[in-house]
Amino acid sequence: MAYEYEYPRPALTVDCIIFGLDKDELKVMLIQRDLEPFEGRWALPGGFVRVDEELEAAALRELSEETGITEVFLEQLYTFGDLQRDPRERVVSVVYYALVNLEGHKIRASSDARNAAWFPITDMPPLAFDHDKIFDTALKRLKGKIRYQPIGFELLPEKFTLSQLQNVYELILEKRLDKRNFRRKILKMHILKELDEIQQDVAHRAARLYSFNEKKYRQMMNKGFSFEI
């Protein structure tokens, strides 16, 4: 015997907020809606979850369909369910966020998106639905989490300088950090691998390159290591 619920059910969507580093700017990926409601307005990539689809799979599919971005690690941020957040019907959205380096992620608009583009977090257009609220929540989470987990490395290329790493933290935390103290603290953690390479084709004095030693970090975490900037 088949069982069915007797009560009306809200629709379920997923939305994705993707932060990317573009030289000296932290940006967010947005799509321009090609459908009502909010036709022509900018919004976060996302859409409705299919009945036979896992939440994260739906988020990855929508991100690929609307922006062309694939192969990113998504982490669940929060669930938004205000009664009036969507003028069509009652819609609950599970939001995911990710950090990427712009060099490795080319974008293209498709599906129901008219356009797709990166916007600096300091110059965001008004967003559709409650996506302004989602953006504020995600940025607050990022500011807190980057101090206690090494997620900032996701914004950098595989090989980076200490100045580039410090720049990531200053952009997200929106404050200047003492260069000597920052380098002393990050090097003392022993989670960076110093490479036998320096920057190429730069106008200034070439700096040493490093990479994040994720394996060493996980080993240290298992022994009780605490990451803190």
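For the structure itself, consult the block above.
Note that the structure is a prediction, hence the values are computed from the model and not measured. (Residues numbered from 1 in each chain as written. Predicted model: local features only at pLDDT ≥ 70, side-chain atom pairs only at ≥ 80, totals over all residues. Heavy atoms only, no water.)

Caption draft 1: Structural context of the layout of surface pockets. Reported here for the largest pocket is a volume of approximately 720 Å³. Forming the boundary of the largest pocket are 26 residues, of which P150, I151, F153, E154 and E214 lie nearest the centre. Among the elements of the structure, strand 6 (91–101), strand 9 (208–212) and helix 5 (214–222) are those that each provide at least two residues to the lining of the largest pocket. Counting residues per element, the lining of the largest pocket draws most heavily on strand 6, which supplies 5 residues. Per-class residue counts for the lining of the largest pocket are 14 nonpolar, 5 polar and 7 charged. Considered as a void within the structure, the second largest pocket measures approximately 440 Å³ in volume. Looking at the second largest pocket, it is lined by 17 residues, and the ones nearest its centre are K23, N101, E103, P157 and Q164. Looking at the lining of the second largest pocket, the elements with two or more residues in it are strand 1 (11–22) and helix 3 (162–173). Considering only residue class, the lining of the second largest pocket consists of 6 nonpolar, 6 polar and 5 charged. (1 Å grid on protein atoms, 1.4 Å probe; cavity = no way out; pocket = protein on both sides within 12 Å on 5 of 7 lines; lining within 4 Å. Points joined across faces, edges and corners; volume = space filled by probe spheres on them. Helix = DSSP H or I, 4+ residues; strand = E, 2+ residues; numbered from the N terminus. Nonpolar A, V, L, I, M, F, W, Y, C, P; charged D, E, K, R; others polar.)

Caption draft 2: Structural view of the pattern of salt bridges. A complete count under the given rule lists 19 salt bridges for this structure. A salt bridge links E62 to R61, with the shortest nitrogen-to-oxygen separation between them at 3.1 Å. Under the relative-accessibility criterion, R61 is labelled buried at 14%. Among the salt bridges present, the one from E174 reaches K143, with a minimum N-O distance of 2.7 Å. Taken together, the residues span a long stretch of sequence, with E174 in the loop between helix 3 and helix 4 (179–188) and K143 in helix 2 (residues 131–145) at a distance of 31 residues. (Salt bridge = Lys/Arg side-chain N within 4 Å of Asp/Glu carboxyl O. Buried < 20%, exposed > 50% of the residue type's maximum accessible area, 1.4 Å probe, protein only.)

Caption draft 3: Summary view of the packing of aromatic side chains. By the definition in use, this model includes 8 aromatic pairs. A centroid spacing of 5.9 Å and a plane angle of 50° characterise the contact between F212 and Y217, whose relative ring orientation is tilted. The class for F212 is partly exposed, based on a relative accessible area of 23%. In textbook terms, an aromatic cluster arises when at least three aromatic residues are bridged by ring pairs, as seen for F153, F160, F212, Y217 and F225. (Phe/Tyr/Trp six-rings, centres within 6.5 Å; stacked < 30°, edge-to-face > 60°.)

Caption draft 4: Representation of the environment of G40. Among the structural elements, G40 can be located in the loop between strand 2 (25–33) and strand 3 (42–43). In sequence terms G40 and A113 are 73 residues apart; their C-alpha atoms lie 9.1 Å from each other. When near neighbours in sequence (up to four residues on either side) are disregarded, G40 contacts Q32, R33 and R114. (Contact = heavy atoms within 4.5 Å.)

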